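Coordinate inspection notes
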Amino acid sequence: MEASIEAVSKYIQQSDGEAEHDGSMCSYCDGVMDKDVRIFMSCPPMVCHQACLTCAVCACALGDMLIPMYLRGQKIYCGSCYFKTI
């Protein structure tokens, strides 16, 4: 099933304190997540650093949430790459 990432439950969590480790790992780089800035998604289930969220094809940065993102086959695409795959 194809779906826009905007339609998928997501949010960016920011804390106003010092960065602290909560034990979770980034789905992309396997680095330890801190409580500073992180992205959570429910489909596909993942948590990642803002800098690690990139297009599966061209690797353009998507973590700033300014570029439309699309989900297809459990991969996240920027708008340009997504439309090339369909």
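Residues numbered from 1 in each chain as written. Predicted model: local features only at pLDDT ≥ 70, side-chain atom pairs only at ≥ 80, totals over all residues. Heavy atoms only, no water.

Here we look at the overall build of the protein
Here is the rule: Starting at the N terminus, helices and strands are each numbered in turn, a helix being any DSSP run of H or I of at least four residues and a strand any DSSP run of E of at least two. Each residue is assigned to one of three classes by its accessible area relative to the maximum for its type, calculated with a 1.4 Å probe on protein chains only: buried under 20%, partly exposed between the two thresholds, exposed over 50%. Contacts are assigned to residue pairs that have any heavy atoms within 4.5 Å of one another. Accessible areas in this description were obtained via Shrake-Rupley with a 1.4 Å probe; residue shielding takes into account the shown protein chains only.
What the protein contains, in helices and strands, is one helix and eight strands. Start at the N end of the protein and walk to the C end: the helices and strands fall as β-β-β-β-β-β-β-β-α. Classification of the 86 residues of the protein by burial places 33% in the buried group. In the protein, once contacts between residues fewer than 6 apart in sequence are set aside, the share between residues at least 24 apart is 34%. Surface accessibility of the protein: about 5,200 Å² in total, with carbon and sulfur atoms responsible for 53%.

Describing the pairing of strand 5 (residues 37-42)
The condition that has to hold: A strand pair is defined by DSSP finding two or more bridges across the two strands.
As defined by bridge partners, strand 5 adjoins strand 6 (residues 45-48) across four bridges and the pair is classed as antiparallel. Residue Phe-40 lies in a different strand from strand 6, and its bridge partner there is Val-47. Where strand 5 folds back onto strand 6 in an antiparallel hairpin, the turn is made up of two residues.

Things to note about the confidence of the model for the protein
Do not read the fine detail of predicted coordinates wherever pLDDT is low. As a reminder of what qualifies: The quantity known as pLDDT measures the predictor's confidence residue by residue, on a range of 0 to 100.
The predicted model of the protein has a mean per-residue pLDDT of 77, with 72% of residues at 70 or higher. The low-confidence segment residues 1-20 (pLDDT under 50) makes 47 contacts with residues lying over four places distant or belonging to another chain.

As for the pairing of strand 8 (residues 75-78)
Bridge analysis of strand 7 (residues 69-72) against strand 8 gives four bridges, and the strand direction is antiparallel. Along strand 8, the bridge assignment pairs Leu-71 with Ile-76. Counted between consecutive antiparallel strands, the loop separating strand 7 from strand 8 contains two residues, among which Gly-73 sits at a positive phi close to 60°.

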